[in-house]
Amino acid sequence: TIRVLPTADGSSPFVEMWGHKIQVDGEWKTFPCLKHEKGEACPFCEAREALLATGKESDKELAKAYNARMMYVVKVIDRDHPEEGVKFWRFNHDYRKEGIYDKIIGVLNAIKKDVTHPENGRDLLLTINRNQNGVPVVSAVASLDPSVLSEDADQASAWLADTRTWEDVYSVRTYDYLEIIVKGGIPAWDKENKCFVDKASLSNSATETDNLDSELTMGVENVKASVQAASTP
């Protein structure tokens, strides 16, 4: 059960972002796209373009792994863990119009109410099942009865005053950092040269492996409960 928080300017709480998904050290990670989000050169996009430029069908297939994918990020309160404060819930856009966003919008269109209102908004109940691959997915979304954001006025004010954006939580990495990922490496901090390098190029004593996109789990989606940008140790 979650409560979607309102935006300060009344705009949609569902913020669009573009990211690249790739396996790093055996785990799937998401990295914001530098080209889409910052207008800068992006190693993922460059790899995609280079593969497409060969004209080979096999390379066209490989290029798909470097596509930038549209996602949504929404600020929520996890009703099961309100003590953890404001969370950022990120989920994929579904071009078939069958994704989480589409299910939530379907509910909003049906009830025609502002579910984010602090005084008479509504919590959303997510029904979670496993798909044919055994992966948990949100199969349905329902609106609960109107309720206040919090019975504690100070707590509600603190949640509403949270000005962080998804960039404060899902770190936008540098070109050099992402280039290591694209080349199949694992970013690690080089203490001597004070920069990220491929872990395989240095001894264990000289590096500290970055935690990449270390995340907590809320329902079936990954979120971070605290701000931890990509900073040096």
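What comes next is a walk through the structure.

A few words now on the packing of aromatic side chains. By convention here, two paired aromatic rings are described through the distance between centres and the angle between planes. Summed over the entire model, instances satisfying the criterion amount to 8 aromatic pairs. Ring geometry for Phe-44 versus Tyr-66: centroids 6.4 Å apart, planes at 45°, classification tilted. Of the two residues, Phe-44 is situated in helix α2 (residues 43–53) and Tyr-66 in the loop between α3 (57–63) and β4 (69–78); the sequence distance between them amounts to 22 residues. There is no split in this pair, since Phe-44 and Tyr-66 are both buried. Plain terms: the ring middles of Trp-189 and Phe-196 are 5.1 Å apart, the flat faces sit at 75° to each other, and that makes the pair edge-to-face. A residue is classified by how much of its surface remains accessible, and Trp-189, at 10% relative accessible area, is buried. One aromatic cluster is present, built from ring pairs that chain together Phe-14, Tyr-72, Trp-89, Phe-91 and Tyr-101. Lying over the aromatic face of Tyr-170, Arg-90 brings its terminal NZ or CZ to 4.1 Å of the ring centre. Here the basic side chain of Arg-173 rests over the ring of Tyr-177, its NZ or CZ set 4.7 Å away from the ring centre.

With respect to the secondary-structure elements, Val-182 resides in helix α7 (residues 175–182). For Val-182, a relative accessible area of 17% corresponds to the buried category. Spatially, the C-alpha atoms of Val-182 and Ala-47 are 7.7 Å apart, while their sequence positions differ by 135 residues. Beyond its immediate sequence surroundings of up to four residues, Val-182 is in contact with Pro-43, Phe-44, Ala-47 and Tyr-66.

What follows is about the nonpolar core. Ranked by internal contacts, the top residues of the largest apolar core, which has 18 residues, are Phe-31, Phe-44 and Ile-181. At the level of elements, β2 (15–24), α2 and α7 are the ones that each hand at least two residues to this core. Grouped together as the second largest cluster of nonpolar side chains are 16 residues, Ile-2, Ile-104, Val-107 and Val-141 included.

Moving on: the side chain of Arg-164. Topologically, Arg-164 is positioned in the loop between α5 (153–160) and α6 (166–169). Polar side-chain contacts of Arg-164 include one of 3.4 Å to the backbone oxygen of Val-86.

With that out of the way, let us pick up the environment of Gly-85. Turning to its location among the elements, Gly-85 is positioned in the loop between β4 and β5 (86–92). The buried category is assigned to Gly-85, whose relative accessible area is 14%. Considered as a pair, Gly-85 and Gln-155 are 70 residues apart in the sequence and their alpha carbons are 9.0 Å apart.

All right, on to the side chain of Arg-3 then. Mapped onto the elements, Arg-3 comes out in strand β1 (residues 2–4). For Arg-3, a relative accessible area of 0% translates into the label buried. For Arg-3, the side chain forms a polar contact with the main-chain oxygen of Ser-147, separated by 2.9 Å.

Moving on to the pattern of salt bridges. Between side chains of opposite charge, pairing is possible as soon as their charged atoms come close. Overall, the coordinates contain 13 salt bridges when judged by the stated rule. A salt bridge links Lys-29 to Glu-27; the nearest nitrogen and oxygen atoms lie 3.2 Å apart. One continuous salt-bridge network, built from bridges that share partners, spans Arg-3, Arg-79 and Asp-123.

Thresholds, definitions, all that
- Residues numbered from 1 in each chain as written.
- Predicted model: local features only at pLDDT ≥ 70, side-chain atom pairs only at ≥ 80, totals over all residues.
- Heavy atoms only, no water.
- Phe/Tyr/Trp six-rings, centres within 6.5 Å; stacked < 30°, edge-to-face > 60°.
- Helix = DSSP H or I, 4+ residues; strand = E, 2+ residues; numbered from the N terminus.
- Buried < 20%, exposed > 50% of the residue type's maximum accessible area, 1.4 Å probe, protein only.
- Lys NZ or Arg CZ within 6 Å of the ring centre and 35° of its normal.
- Contact = heavy atoms within 4.5 Å.
- Core = buried A, V, L, I, M, F, W, Y, C linked by side-chain atoms within 4.5 Å.
- Polar contact = N/O pair within 3.5 Å; in protein donor to acceptor, adjacent residues only side chain to side chain.
- Salt bridge = Lys/Arg side-chain N within 4 Å of Asp/Glu carboxyl O.

The values are spatial; any link to function lies outside them.
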